[in-house]
Amino acid sequence: MTNKELLELINITKENNVNTEVLRQLLKLVEQEGNITSKKISLIKELLQKKEINDLDLLNIYIKAYQKRPVSWMNLAMLNNHLLIKEYLKSQDYSREEWKEILEFVSKLPYNIVTDGIYIKWLRYVYEKNQNSENSKQLAKEYPRLNELKFFHQVFKAALPTNMIYSNWYFKYLLNNTKRIEARENVLTLLKQNIFNLINEITLLEIEIKAKKIAKCYELHGFPFASLYATIITCKKDISIPVIENDQEYEIYLLLYKIMCSNFISETVLPNFMTSLYYKIATHKGTSLSKRLEFMKNLTEKELILKDSFVYKLWVAYDSNGLEKMKLLKYAFLNNGIRTNILCKEFLIRENDLEVIKLARVVFKNNRVRKDTENLCILCDLKTSEEKIEFLQFLENKYVDDLDKQVEEEQERKIKENDLLKAYHDFFNKKIGLGKLEASLEETKTLDIELVRIRKKNNERK
């Protein structure tokens, strides 16, 4: 720094009514090995023109945070909107990265003295609590204090617009550095996705109860399972965390919970599902785990799992005759016409020859066959597989035209369905207007079509 440059700094100091001590402190701060570079002179010029530069508390914090590189004075000046935090910080020592993180975060906080007090409480907690355990010391080597500080800010930001900001449990659990930070991040994700949606619907105590159960479920069973569990207890029904003793039982409950999270299991339907025969079979401790799991994996269709009488018949078929018959019956019962026809249903249940069942399932799809009560009664009285196959072929040939017509109608229906779904997509993507969408809806109003948009994944868009 030259004498002319110093003189210029003095003049700026006077022009802006800056305290002489401020200039002295700034010169000491930027001096390195007795020299002050032109870049640092420019920094001092800029600072001397800040209206808050005479605030010695702010200057003190700036000096602490500087550590050979400037920090944002704009972020620092925002501390004057958070006087409690400012008062606390002036007696603290952090690394430069920590100062930068804190000042940036505080600069974005709303002006609220209560919130400021809570922030100080938990900022202190991050640095003072849980520091002496062996696990904390070990984890501190993997996750420096800066990582914990950044995670604390995630936790605080998530809670800020909600009543969770007043929850001691929430902060103590997530800021407990005796647990790995990835695990706490996962729990925070679960709470943000589920609990925070309930903030305005239930009390803080009720929120904490659900949050604790979600965190406990994560600790016991991991993220995928806890995510399903969280959806259930926040959107549908409050249930206990299941006791799971092995991997197969885990798979069973995972399947059950996926079904419970499905759209067709509503809040009103869920109690019925949990008392259904399907649920009882799945969770019955006295039945072989492998059998329960195999049965469940092969029976997840919404048309059947809530119908106890069909679940019973399918279980008996599986237990007595094996998986193949059970699957053939399931595919047959998915057809509502077959499912509601007593003669067709009873014939299929009693039959043990898989080839007969396969053929019968195809033939019974024809509505005219199902209405032919006289011939169905004859079919039910036949004894041998050969007789049954021959008679089923007779019925198939007798109503073959109707079957072709049925296939044709199904193809036509599929075309209309695809056209409507395309129009629905195009409407969302602004390719067509409301008029064309309405026209497509009018053409398909005799059909029952589920309108679901399939969003492309990122790699599919490229």
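Reading guide: rules and limits
Residue numbers here run from 1 along each chain, matching the order of that chain's written sequence. Residue-level local features of this predicted model are given only where pLDDT is at least 70; pairs of side-chain atoms are given and counted only at 80 or more, and the full residue set underlies all totals for whole chains, interfaces and linings. With hydrogens and water stripped out, all remaining heavy atoms of the structure feed into the side-chain values. A fitted line through C-alpha atoms serves as each axis, taken over the contacting stretch for helices, and the angle formed by two N-to-C directions is quoted from 0 to 180°. Secondary structure elements are taken from DSSP: a helix is a run of H or I of four residues or more, a strand is a run of E of two residues or more, and numbering for both begins at the N terminus. Comment on the angle field: the value is read as roughly parallel under 35 degrees, roughly antiparallel over 145, roughly perpendicular from 65 to 115, and oblique elsewhere. The criterion used for residue contact is that any of the two residues' heavy atoms lie within 4.5 Å. Between rings of Phe, Tyr and Trp, where Trp is taken as its six-membered ring, a pair exists when centres lie within 6.5 Å; planes separated by under 30 degrees are stacked, by over 60 edge-to-face, and by other angles tilted. Between buried and exposed lies partly exposed: a residue is buried under 20% and exposed over 50% of the maximum accessible area for its type, with that area taken using a 1.4 Å probe on protein chains only. Predictor confidence is given residue by residue as pLDDT, running from a minimum of 0 to a maximum of 100. Whenever a nitrogen or oxygen atom comes within 3.5 Å of another N or O atom, the pair is scored as a polar contact, on the condition that within protein one atom can donate a hydrogen and the other can accept it, and that pairs from neighbouring residues in sequence are kept only if both atoms are in side chains. For this document, the term salt bridge refers to a Lys or Arg side-chain nitrogen within 4 Å of an Asp or Glu carboxyl oxygen. Nonpolar side chains (Val, Leu, Ile, Met, Phe, Trp, Tyr) within 5 Å and like charges within 9 Å form the patches, drawn only from residues with over 30% relative accessible area and no salt bridge. For every accessible area listed, the method is Shrake-Rupley and the probe measures 1.4 Å; residues are considered covered only by the protein chains on display. By definition here, a helix of n residues has an expected span of 1.5 Å times n minus one. For each structure, a 1 Å grid was placed over the protein atoms alone; sets of points admitting a 1.4 Å probe that cannot get out are labelled cavities, open sets with protein on both sides within 12 Å along at least five of seven lines are labelled pockets, and lining residues have an atom within 4 Å of a point. Grid points are joined across faces, edges and corners, and a volume is the space filled by probe spheres set on the points. Each residue is assigned to one of three groups, with Ala, Val, Leu, Ile, Met, Phe, Trp, Tyr, Cys and Pro labelled nonpolar, Asp, Glu, Lys and Arg labelled charged, and all others, Gly among them, labelled polar. Taking the helix axis as origin, the arc is that swept by the directions to the C-beta atoms.

1. Overview of the packing of helix α2 (residues 20-30) against helix α4 (residues 56-66)
- Look at α2 against α4: their axes get within 11 Å of each other, and the N-to-C directions meet at 5 degrees. Taken together, the axes of α2 and α4 are roughly parallel relative to one another. Only Leu56, Leu59, Tyr62, Ile63 and Tyr66 of α4 make contact with α2, whose side of the interface consists of Val22, Gln25, Leu26, Leu29 and Val30.

2. Here we look at the packing of aromatic side chains
- A complete count under the given rule lists 27 aromatic pairs for this structure.
- Taken together, a centroid distance of 5.0 Å and an interplanar angle of 80 degrees make the contact between Tyr170 and Phe171 edge-to-face.
- On the numbers, 5.4 Å between centres and 50 degrees between planes, the contact of Phe391 with Phe394 is tilted. Taken together, the residues span about one helical turn, with Phe391 and Phe394 both in helix α27 (residues 385-398) at a distance of 3 residues.
- On the accessibility criterion, Phe391 (15% relative accessible area) is buried.
- On the accessibility criterion, Phe394 (39% relative accessible area) is partly exposed.
- An aromatic cluster of three or more residues is present, and its members are Phe105, Tyr119, Trp122, Tyr125, Phe152, Phe156, Tyr170, Phe171 and Phe196.

3. Quick look at the confidence of the model for the chain
- Looking at the chain as a whole, the pLDDT averages 89, with 91% of positions reaching at least 70.
- Per-element averaging of pLDDT across the chain places helix α30 (residues 458-461) at the bottom with 44 and helix α17 (residues 277-283) at the top with 97.

4. Notes on the environment of Lys86
- Following the sequence through the fold, Lys86 ends up in helix α6 (residues 83-89).
- Classification of Lys86 by relative accessible area gives buried; the value is 9%.
- Between the alpha carbons of Lys86 and Lys431 there is a distance of 54 Å; along the sequence they are 345 residues apart.
- Not counting residues up to four positions away in its chain, the partners in contact with Lys86 are Asp55, Asp57, Leu58, Ile61, Leu79 and Asn80.
- A polar contact is formed between the side chain of Lys86 and the side chain of Asn80, at a distance of 2.7 Å.

5. Comments concerning the pattern of salt bridges
- In total, this model carries 23 salt bridges according to the counting rule given.
- Taking the shortest distance from any N to any O, the salt bridge between Arg69 and Glu97 comes out at 3.7 Å. With Arg69 in the loop between α4 and α5 (73-77) and Glu97 in helix α7 (residues 96-107), the pair connects residues that are 28 residues apart, well separated along the chain.
- Each of Asp57, Glu87 and Lys90 takes part in salt bridges that share partners, so that together they form one network.

6. Some details on a nonpolar patch on the surface
- On the surface, Leu84, Ile113, Val114 and Tyr166 cluster together into a nonpolar patch covering about 410 Å² of accessible area.
- One can find Ile113 in helix α8 (residues 113-128).

7. Here's the deal with helix α14 (residues 223-235)
- The terminal C-alpha atoms of α14, which comprises 13 residues, lie 18 Å apart, in line with the 18 Å expected from a rise of 1.5 Å per residue.
- Packing partners of the buried residues in α14 comprise α12 (181-193), α13 (204-221), α15 (247-260) and α16 (270-274).

8. Remarks on the layout of surface pockets
- There is about 260 Å³ of room inside the largest pocket.
- Together, Glu303, Leu334, Asn335, Asn336, Gly337 and Arg370 line the largest pocket.
- Considering only residue class, the lining of the largest pocket consists of 1 nonpolar, 3 polar and 2 charged.
- The calculated volume of the second largest pocket comes to roughly 210 Å³.
- What lines the second largest pocket is simply Glu101, Glu104, Phe105, Lys108, Leu109, Pro110, Lys150, His153, Gln154, Lys157 and Leu160.
- Elements supplying a minimum of two residues to the lining of the second largest pocket: α7 and α10 (145-159).
- Sorting elements by how many residues they give to the lining of the second largest pocket places α10 first, with 4 residues.
- For the lining of the second largest pocket, the per-class residue count stands at 4 nonpolar, 2 polar and 5 charged.

9. What about α2?
- Restricting attention to buried positions, one finds in α2 the residues Val22, Leu23, Leu26, Leu27, Leu29 and Val30. Down the axis of α2, the buried set is contained in an arc of 160 degrees. They therefore lie on one face. In α2, the exposed positions angled more than 90 degrees off the buried face are occupied by Thr20 and Lys28.
- Buried residues in α2 make contact with α1 (3-15), α3 (38-48) and α4.

10. Points about the side chain of Glu351
- If you trace the backbone, Glu351 turns up in the loop between α23 (342-350) and α24 (354-363).
- Its relative accessible area of 6% is what places Glu351 among the buried residues.
- The contacts of Glu351, once residues within four sequence positions are left out, are Lys325, Val356, Ile357, Ser385 and Lys388.

11. Structural notes on unusual backbone geometry
- The residue Asn17 is not glycine, and still its phi comes out positive at about 55 degrees.
- Mapped onto the elements of the fold, Asn17 is located in the loop between α1 and α2.
- Of note, Gln67 is a non-glycine position whose phi angle comes to about 45 degrees, a positive value.
- With respect to the helices, strands and loops of the structure, Gln67 is situated in the loop between α4 and α5.

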